[in-house]
Amino acid sequence: MTEAPSRPVTFPTARRHLFDPPGEVLQWQRQGALHRMTFADGHLGWLLTGHAAARAVLADNRFSNRTELTHPPVAHPLAGQENRQLPPGFFLRTDQPEHTRFRRLLTGQFTVRRMRQLEPRIEEITSDHLDAMERGDRPADLVQAFALPIPSLVICELLGVPYGDRAQFQRDSAALLNLDSSAERMGAALVDLMAYMRDLVLRKRAEPADDLLGGLVASGELDDEELTGVALLLLIAGHETTANMLALGTFALLRDPAQLALLRDDPAVVDNAVEELLRYLTIIHMGPVRTALEDVELDGHLIRAGESVAFSLPAANRDPERFDDPDTLDVTRPATGHLSFGHGIHQCLGQQLARTEMRIAYPALLRRFPGLRLAVPAEEVPMRSHMTIYGVHRLPVTW
Ligand code: HEM
């Protein structure tokens, strides 16, 4: 049995194995849900590893997600400056009641029904990319050929962002999520992305459009700065996240042929398989973070007002109190209740879209290329360890 850490820990980032959370975070979890943690700026707060406690804090409005109140769990190039730079519509980093105003406007756009209506177009986009991959060279990089372009094109069409501009915004959003970017590079990426979005909002004001951004402009509920922030959040969240799930999920399946065959051959498995891959891989691996607005008792500890709590969602999703045999990938398990999309008021707005994309894309890929395999040894796949969103930088495959 490992001892509970006697001194404050730092946020663990090195994954134990390609798909597993850092080893020490799982050990600490077995000792308790909350541990004292030193944040990257020296703040003494908490690391939260347990599923039930994570769920409770995410649903508790005594905790804030405002940038100026939260401390960075790992060194962040823009630490302390982000809040001055993020536009007001970046509602992920707002609390109630401000958050409610944005969320209410957007919830109607991301319903299960609306996502169902998008299915034929997502199928078409997926099949076009598989055609191009089949015609192209072998080996192929699955990230560039498949995992990145599909969600990117889908979110562009939904929002009304010209897909032809992707070289610029994909480069900038990648720089923004890369914790190894210099402060200058990250700051410049944010400024460029905001300028791009502000310009797009102004164009939609001049020429009304029948897309999500056009609809938000027409609603008259948001000013241009708020619209810029909303559009920025949706564009970044909408393509980087699903893209990493598609690539990392395929990698995990290629390493586990029996699970891959189940997903490929049995259409009834797909819903559980998508949830299980979300749980098992938990790509949001460096947070979220919340800060207590008042003293809160949790799990036998007192979290004082002003203290930040950093979540390890990968650990919470491997909590044996919540999931049997949590370290095993089992695409047939009814994996409901994972925290990969968060929980509470900030629970992922795009989750139905992400699910729809994954339910369509994984089986289509595996059926089109029954002989799909890695083109390099697994150890040579470059992992996104120091990125806000975990995944692979490239996935060389052949068939
Ligand atoms: C597999 C893919 C995805 C994962 C794992 C994911 C994960 C998450 C998580 C964990 C949060 C909560 C963060 C927090 O509480 O601090 C979140 C929020 C959010 N996500 Fe996603 N997401 C995914 C796809 C998407 C997509 C496709 C969109 C498309 C628009 C999207 C838009 C958002 C937005 C707008 C928020 C903020 C919601 C709010 O503050 O009310 N996400 N996501």
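Refer to the preceding data block for the structure.
Given the structure is predicted, the values throughout are model-derived calculations rather than measurements.

A.B. asks: Can you walk me through the overall build of the protein in this structure?
C.D. replies: Helix and strand content of the protein: 15 helices and ten strands. Computed over the C-alpha atoms, the radius of gyration of the protein is 21 Å, within 12% of the 21 Å expected from 2.2 N^0.38 for a compact globule of 399 residues. With 399 residues in all, the protein has 55% of them scored as buried. Considering only contacts within the protein whose residues lie at least 6 apart along the sequence, 72% involve residues at least 24 apart. Accessible surface, the protein as shown: approximately 16,700 Å² in total, 49% of it carbon and sulfur. For the protein, the distance from the average position of its 41 positive side-chain charges to the average position of its 53 negative side-chain charges is 1 Å.

A.B. asks: Explain the site of the ligand here, please?
C.D. replies: The environment of the ligand is formed by 29 residues, the closest being His 99, Arg 103, Arg 290, His 346 and Cys 348. Note that an oxygen atom of the ligand is positioned 2.7 Å from one of the side-chain N or O atoms of Arg 103. The side chain of His 346 places a nitrogen or oxygen atom 2.6 Å from an oxygen atom of the ligand. If you list the elements that add at least two residues to the shell around the ligand, you get α4 (98-107), α11 (224-254) and α15 (351-368). Per-element accounting of the shell around the ligand gives the leading share, seven residues, to α11. When grouped by side-chain class, the residues that make up the shell around the ligand number 18 nonpolar, nine polar and two charged.

A.B. asks: Any chance you could explain the packing of aromatic side chains here in plain terms?
C.D. replies: The geometry of an aromatic ring pair is captured by the separation of the ring centres together with the interplanar angle, meaning the angle of the planes. This model, assessed by the stated rule, comprises four aromatic pairs. Centre to centre, the rings of Phe 19 and Phe 251 are 5.2 Å apart; their planes meet at 80°, and the pair counts as edge-to-face. One end of the pair, Phe 19, is in the segment before α1 (23-31); the other, Phe 251, is in helix α11, with 232 residues separating them in the sequence. Comparing Phe 19 with Phe 251, the two get one shared label, buried. Ring plane angle 10° and centroid distance 5.9 Å describe the contact between Phe 91 and Phe 102, whose orientation is recorded as stacked. Of this pair, Phe 91 sits in the loop between α3 (82-85) and α4 while Phe 102 sits in helix α4, and the two are eleven residues apart along the sequence. Assigned by exposure class, Phe 91 and Phe 102 land together as buried. Taking the ring centre of Trp 46 as reference, the NZ or CZ of Arg 36 above it sits at 4.0 Å. The residue whose ring lies beneath Arg 101 is Phe 102, and the NZ or CZ to ring-centre distance is 4.9 Å.

A.B. asks: I keep staring at the sheet that holds strand β3 (residues 63-64) and nothing clicks. Help me out?
C.D. replies: Note on sheets: strands pair through backbone hydrogen bonds, and any given pair is parallel or antiparallel. Reading across the sheet, the five strands line up as β1-β2-β8-β5-β3 and stay open at both edges, with mixed pairing between neighbours. Each of the sheet's edge strands pairs with one partner strand only, and the pair in question is β1 (34-38) and β3. Of the pairings in the sheet, the one linking β3 to strand β5 (residues 289-292) comprises two bridges and is antiparallel in character. Along β5, the bridge assignment pairs Ser 64 with Thr 291.

A.B. asks: How do you make sense of unusual backbone geometry when you look at a structure like this?
C.D. replies: Cis geometry is adopted by the peptide bond preceding Pro 97, which originates at Gln 96 and carries an omega value of 0°. Position of Pro 97 relative to the elements: it lies in the loop between α3 and α4. Residue Thr 282 is not a glycine yet carries a positive backbone phi of 35°. Structurally, the position occupied by Thr 282 is in the loop between α13 (270-281) and β5. A positive phi is found at Asp 325, a non-glycine position, where the angle reads about 45°. One can find Asp 325 in the loop between α14 (313-316) and α15.

A.B. asks: I would appreciate a short explanation of the packing of α11 against α15 in the present structure.
C.D. replies: When two helices pack together, their arrangement is given by the angle between the helix axes and the distance between those axes. At a minimum axis distance of 10 Å, the contact between α11 and α15 shows a crossing angle of 40°. The chirality of how α11 crosses α15 is right-handed. Residues Thr 242, Met 245, Leu 246, Gly 249, Thr 250 and Leu 253 of α11 form the contact with α15, whose own contacting residues are Ala 354, Glu 357, Met 358, Ala 361, Tyr 362, Leu 365 and Leu 366.

A.B. asks: Looking at this structure, how should I read the environment of Leu 248?
C.D. replies: Position of Leu 248 among the secondary structure elements: in helix α11. Classification of Leu 248 by relative accessible area gives buried; the value is 0%. Sequence separation between Leu 248 and Gly 300 is 52 residues; the distance between their C-alpha atoms is 37 Å. Beyond its immediate sequence surroundings of up to four residues, Leu 248 is in contact with Phe 19, Leu 281, Ile 283, Met 383, Tyr 390, Gly 391 and Val 392.

Conventions adopted
In this convention, every chain numbers its residues from 1, walking through the sequence in written order. For this predicted model, a pLDDT threshold of at least 70 governs which residues receive local features, and a threshold of 80 or more governs which side-chain atom pairs are given and counted, while totals over whole chains, interfaces and linings are taken from all residues. Hydrogens and water molecules were not included; the side-chain quantities draw on all heavy atoms of the structure. Secondary structure counts use DSSP, requiring at least four H or I residues in a row for a helix and at least two E residues in a row for a strand, with both numbered from the N terminus. A radius of gyration in this sense is built from C-alpha atoms; the matching globule rule multiplies 2.2 Å by the number of residues raised to 0.38. For each residue, the accessible area found with a 1.4 Å probe, counting protein chains only, is set against the maximum for its type, and the residue is called buried under 20%, exposed over 50%, and partly exposed in between. Every residue pair with non-hydrogen atoms within 4.5 Å of one another is taken to be in contact. Method for areas: the Shrake-Rupley scheme with a 1.4 Å probe, in which residue coverage is limited to the protein chains shown. Positive residues here are Lys and Arg, negative ones are Asp and Glu, while His and the chain termini are left out of the count. To locate a charge, take NZ of a lysine, CZ of an arginine, CG of an aspartate or CD of a glutamate. Throughout, near means a residue has at least one heavy atom within 4 Å of the molecule or strand. Polar contact is defined as a pair of N or O atoms within 3.5 Å, subject to the rule that within protein one atom must be able to donate a hydrogen and the other to accept it, and that residues adjacent in sequence are counted only when both atoms are side-chain atoms. Side-chain classes are defined by residue name, with Ala, Val, Leu, Ile, Met, Phe, Trp, Tyr, Cys and Pro counting as nonpolar, Asp, Glu, Lys and Arg as charged, and the others, Gly among them, as polar. Between rings of Phe, Tyr and Trp, where Trp is taken as its six-membered ring, a pair exists when centres lie within 6.5 Å; planes separated by under 30 degrees are stacked, by over 60 edge-to-face, and by other angles tilted. Criterion for a charge above a ring: Arg CZ or Lys NZ at most 6 Å from the ring centre, at most 35 degrees from the ring normal. Paired strands, as defined in this entry, are two strands with at least two bridges between them according to DSSP. Axis geometry follows a simple rule: fit a line to the C-alpha atoms, using only the stretch in contact for helices, then measure angles between N-to-C directions, giving values from 0 to 180 degrees. Here a crossing is called left-handed whenever its near helix is offset anticlockwise from the far helix by less than a right angle, and right-handed whenever the offset is clockwise.

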